[in-house]
Amino acid sequence: MEPKRQYNSEFKPKRMASWWNDVDVVLWPDITVKNKIKKRAKAFHDAGIDAVMNYGLHMRFDYADYFQNVHGYLKDVCDELHKYGIKFVEHYSCNLIERPRGLDEFYKLHRSHRHHILLHKDFKAAEFAQYEGHRFWDICEVDFRDGSRGYTPNYQAELFCHNNPGFLDMHKKYLERLIAEVPIDAIEVDDMCEYGGLTVCGCEYCRERFRRDYGYEIPSLDDKDFWGDTSGHPYTWGNYKSPAFRSYLKMRTDSINDHIKMVKETVGNIPLFTCCSATGPMVLNALSLDLESAADTLDLVMLENCGLISNAVNWVSKDAEAMQQRDIAKKMGNAPAIALSYTTFEDSAYFGWALARFWGATNWSSTMAGRLDDVPDDLPKEEDLVTPIYRWEEANSPIDPLKCENVLNVRLVNSRYNRMNGWKNEKGEEVWTLVNGWAQSFVRNNVDYRFVRYRELADAEALLTEDTPIVMESNACVSDAQFEAIKTYLSHGGKLIMTLPFGLYDENGYEREKALSEELLSVKYDGLYIVNGSADLPRLIEEGLIVPTVKVLKGDKRRVFRAKVESDGRLILHIMNTALTGVPHKWISTFGTKVLDKIESQITDHVYEIEITGKDLPAFREGKVKSYEFGGARDVEITKTENGYIVKFDISGSGIYAVIE
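Considerations on the sheet that holds strand E4 (residues 96–98)
(1) Moving on: Strand order in the open sheet formed by three strands is E4-E8-E7, and the pairing between neighbours is antiparallel. Both outer strands of the open sheet, E4 and strand E7 (151–152), are each paired with one neighbouring strand and no more.
(2) Moving on: Across three bridges, E4 lies against strand E8 (residues 157–159) in antiparallel orientation. Looking at E8, one finds that Glu 98 is bridged to Ala 157.

Listed below in structure tokens is the structure:
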């Protein structure tokens, strides 16, 4: 059962942008630095931005020698922004320090991660770096391969250990100093995970915790029963058939969650979140990145919807991740879900904003000049990119995502037990891949869905509060509590559309004597339907088992629709294009790939007739279709039907996004 929570913080941003820093921060209180703060704060106000995310100064303990300057600077930023009612979110990496190993790694770091504002220690000085009496070399993770300090080649960084009491003491004391000296409104403590993958951590504290909490010893890497095949990438290591290895993954997640709890206890009522670019795929096990378990302590969530290059326009595959994080935020007491989209030019800034609206999330727009292979002098800044978009939204279509509920047609199960226990089918496909296949089919067929995750699946009362059918794909790892809830749901007339297998293992990964599906199928529940996967969705729609809210009667079906009802009782229909082409820039690139410059629509038919059906649907308040792309609002022809509306409209001039209100 999900714990009952309510998000009560005043921090509920709608239009965010990054506040980029540069190395001049350490020159504070230089007058040029202070004047720059004032000028930029006004520009953010003029842009309609209501909250900023601190960016740069990232590997925070690399700045330990300059915390007086950094905090003085950040206080001035907060004070200046607060004059305009703009919230400030602190953001830093707590457990990484940049320590490139050799000149090749040094130059790679300074090519790829300039956005961190690099001020790492000299090769020789690094040995003596410390804060609050804790020498950094003494609190690092330990590499299983050779006993060296843990390292991630992704960021050319060494890693502090989440179980090391010296690191935890240092981080706590830093947090206490930070919140005493800087009046922040929220905080994102980044990289609450293991970027070293399964190469770490073999320190004495991790070994003792595994022994104490789970009764196992961490073996050497030549133990194949535990580690499996270690010839590949460390993110692929591990033998999931080993109870000890599965327990080891849990211990790592426990350690990070305890670290997050320490942070929350320290910051008190200041809203806390952490970065999470994914919650579904199995690779997260190696990273110990588990937002679902951390959410019990966090206050809100943030999806890093990465995308600087042209393929970012292929957004449908990202919808499941956004919807899962939105469900996590809902269960946190209707907390904000923030969607971060990276951008270089206006089209991609607008595209990211449009996706956030379609998903029901707060938009955070951010450039990433420090990741570009070369930076032109005239590159647009965040405030330049979002000013026309945010001002148009304020004037023409202000929608509060926290006050909107999707008009749902179906529920989709995704249980973390399958991921945590490493289950794959005979084709080597993990459950998240198959679940995402359903989600993409739902989007393309205008079937609106939400996720049912592992706790809710064990709560029969929760399952029975809605009459929408539940889709369950290859749910191999099922707890006894979940099984009982599913049987209760079916026995009370619930509809379950299921793809086998089901219940081969319990929630801890132990194989059952016989699959739970045998018992389920033997009862012959009226509401149980066995299907072959997401390819069966058209048939399910045709048979009326799943009924989309929107049916396109005329017009290009590659535009998709998502209906929402706002708390004041009005119907809103978001329209998003799935047939987009990203046009790369002629020469600006990131990691050798050209960045996204323009976005073009493949759709040429812009005249639509759609049928909207649903139970107790409210009315559109204005009867207008709007788009930032054509600037104004156009009349919509609406005819009331017995179960909804027939709507006719023309969105010529809108290639990416529009909305009917």
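Comments concerning the nonpolar core
(1) Moving on: With 157 residues, the main nonpolar core has Phe 136, Ile 187, Trp 315, Phe 442, Tyr 449 and Met 576 as its most contacted residues.
(2) Moving on: At nine residues, the largest contribution of residues to this core is made by helix H11 (residues 346–359).
(3) Moving on: For Tyr 449, the residues in contact, after removing those within four places along its chain, are Asp 319, Ala 320, Met 323, Leu 408, Val 410, Leu 412, Ala 439, Phe 442, Val 443 and Arg 562.
(4) Moving on: Judged by nonpolar contacts, the second largest core, of 24 residues, contains Val 550, Leu 571, Tyr 608 and Val 625.

Looking at the side chain of Asn 239
(1) Moving on: Tracing the chain through its elements places Asn 239 in the loop between helix H6 (224–227) and helix H7 (243–267).
(2) Moving on: Looking at Asn 239, its side chain comes within polar contact range of the main-chain oxygen of Asp 225, at 2.7 Å.
(3) Moving on: Setting aside its immediate chain neighbours within four residues, Asn 239 contacts Lys 224, Asp 225, Phe 226, Trp 227, Gly 228 and Phe 245.

Concerning the pattern of salt bridges
(1) Moving on: In the structure shown here, the tally under the stated rule is 56 salt bridges.
(2) Moving on: A salt bridge links Arg 212 to Asp 213; the shortest N-O distance between them is 2.7 Å.
(3) Moving on: Here Asp 290 ties to Arg 416 by a salt bridge, and the two come within 2.3 Å at their closest N and O atoms. Taken as a pair, Asp 290 in the loop between helix H8 (283–287) and helix H9 (291–294) and Arg 416 in helix H13 (residues 416–420) lie far apart in primary sequence, 126 residues in all.
(4) Moving on: Given a relative accessible area of 12%, Arg 416 falls into the buried group.

Comments concerning the packing of aromatic side chains
(1) Moving on: Here the structure, examined in full by the defined rule, presents 44 aromatic pairs.
(2) Moving on: Seen in terms of ring centroids, Trp 353 and Trp 392 are 6.1 Å apart; in terms of plane orientation they differ by 85 degrees. Their pairing is edge-to-face. Of this pair, Trp 353 sits in helix H11 while Trp 392 sits in helix H12 (residues 382–396), and the two are 39 residues apart along the sequence.
(3) Moving on: Of the residues examined, Trp 353 reaches a relative accessible area of 1% and is grouped as buried.
(4) Moving on: Among the aromatic residues, those joined into a ring-pair cluster are Phe 144, Phe 210, Tyr 214, Tyr 216, Phe 226, Trp 227, Trp 237, Tyr 240, Phe 245 and Tyr 248.
(5) Moving on: Taking the ring centre of Trp 19 as reference, the NZ or CZ of Arg 40 above it sits at 5.4 Å.
(6) Moving on: Sitting above the plane of the Tyr 645 ring, Lys 640 keeps its charged end 5.3 Å from the centroid.

A look at a nonpolar patch on the surface
(1) Moving on: There is a patch of nonpolar side chains on the surface, built from Leu 103, Tyr 107 and Phe 123 and spanning about 340 Å² of accessible area.
(2) Moving on: Relative to the elements of secondary structure, Tyr 107 occurs in helix H3 (residues 103–112).

Quick word on the environment of Asn 445
(1) Moving on: By the secondary structure assignment, Asn 445 is in the loop between helix H14 (431–444) and strand E17 (449–452).
(2) Moving on: Setting aside anything within four residues of it in sequence, one finds Asn 445 in contact with Leu 537, Ile 541 and Pro 548.
(3) Moving on: There is a polar contact of 2.8 Å between the side chain of Asn 445 and the backbone oxygen of Ser 441.

Overview of the pairing of strand E12 (residues 301–305)
(1) Moving on: E12 sits mainly inside the fold: five of its five residues count as buried.
(2) Moving on: Taking every second residue as pointing to the same face, both faces of E12 are buried, with Val 301, Leu 303 and Asn 305 on one and Met 302 and Glu 304 on the other.
(3) Moving on: Remark: the E12/helix H10 (residues 319–331)/strand E13 (residues 337–342) crossover connection has right-handed handedness.

Considering the packing of H10 against H14
(1) Moving on: Where H10 contacts H14, the two axes come as close as 9 Å, and the packing angle between them is 95 degrees. Put simply, H10 runs roughly perpendicular to H14. Of H14, the residues touching H10 (which contributes Asp 319, Ala 320, Glu 321 and Gln 324) are Trp 432, Asn 436, Ala 439 and Val 443.
(2) Moving on: Its residues assigned to classes, the contact of H10 with H14 shows four nonpolar, two polar and two charged.

Re the side chain of Thr 152
(1) Moving on: By secondary structure assignment, the location of Thr 152 is in strand E7.
(2) Moving on: Note on Thr 152: relative accessible area 0%, which makes it buried.
(3) Moving on: Those residues within four positions of Thr 152 in sequence are excluded, and the remaining contacts are Leu 96, Ala 157, Leu 159 and Tyr 195.

Some words on the state of the cysteines
(1) Moving on: This structure, assessed with the given rule, holds zero disulfides.
(2) Moving on: Unpaired in terms of disulfides, Cys 94 finds its nearest cysteine sulfur in Cys 193, a separation of 9.0 Å.

Regarding the sheet that holds strand E20 (residues 528–530)
(1) Moving on: Spatial strand order, E17-E16-E18-E19-E20: five strands in an open sheet with parallel pairing. Each having just a single partner strand, E17 and E20 make up the two edges of the open sheet. Sheet twist, expressed as the average angle between the axes of neighbouring strands with direction ignored, equals 25 degrees.
(2) Moving on: Both strand E18 (residues 470–473) and strand E19 (residues 496–499) contribute to a ladder of four bridges, which runs parallel. Bridging across to E19, Ile 470 finds its partner in Leu 496.
(3) Moving on: Contacts from helix H16 (residues 480–491) reach strand E16 (410–413), E18, E19 and E20 within the one sheet, and its direction differs from that of E19 by about 135 degrees.

Rules and cut-offs
Residues numbered from 1 in each chain as written. Predicted model: local features only at pLDDT ≥ 70, side-chain atom pairs only at ≥ 80, totals over all residues. Heavy atoms only, no water. Pairing = 2+ DSSP bridges. Helix = DSSP H or I, 4+ residues; strand = E, 2+ residues; numbered from the N terminus. Core = buried A, V, L, I, M, F, W, Y, C linked by side-chain atoms within 4.5 Å. Buried < 20%, exposed > 50% of the residue type's maximum accessible area, 1.4 Å probe, protein only. Contact = heavy atoms within 4.5 Å. Polar contact = N/O pair within 3.5 Å; in protein donor to acceptor, adjacent residues only side chain to side chain. Salt bridge = Lys/Arg side-chain N within 4 Å of Asp/Glu carboxyl O. Phe/Tyr/Trp six-rings, centres within 6.5 Å; stacked < 30°, edge-to-face > 60°. Lys NZ or Arg CZ within 6 Å of the ring centre and 35° of its normal. Patch = residues over 30% accessible without salt bridge, like charges linked within 9 Å, V, L, I, M, F, W, Y side chains within 5 Å. Areas by Shrake-Rupley, 256 points an atom, 1.4 Å probe, with all protein chains shown as cover. Right-handed = clockwise from strand over helix to strand, strands pointing away. Axes fitted to C-alpha atoms, helices over the stretch in contact; angles between N-to-C directions. Parallel < 35°, antiparallel > 145°, perpendicular 65-115°, else oblique. Nonpolar A, V, L, I, M, F, W, Y, C, P; charged D, E, K, R; others polar. Disulfide = S-S within 2.5 Å.

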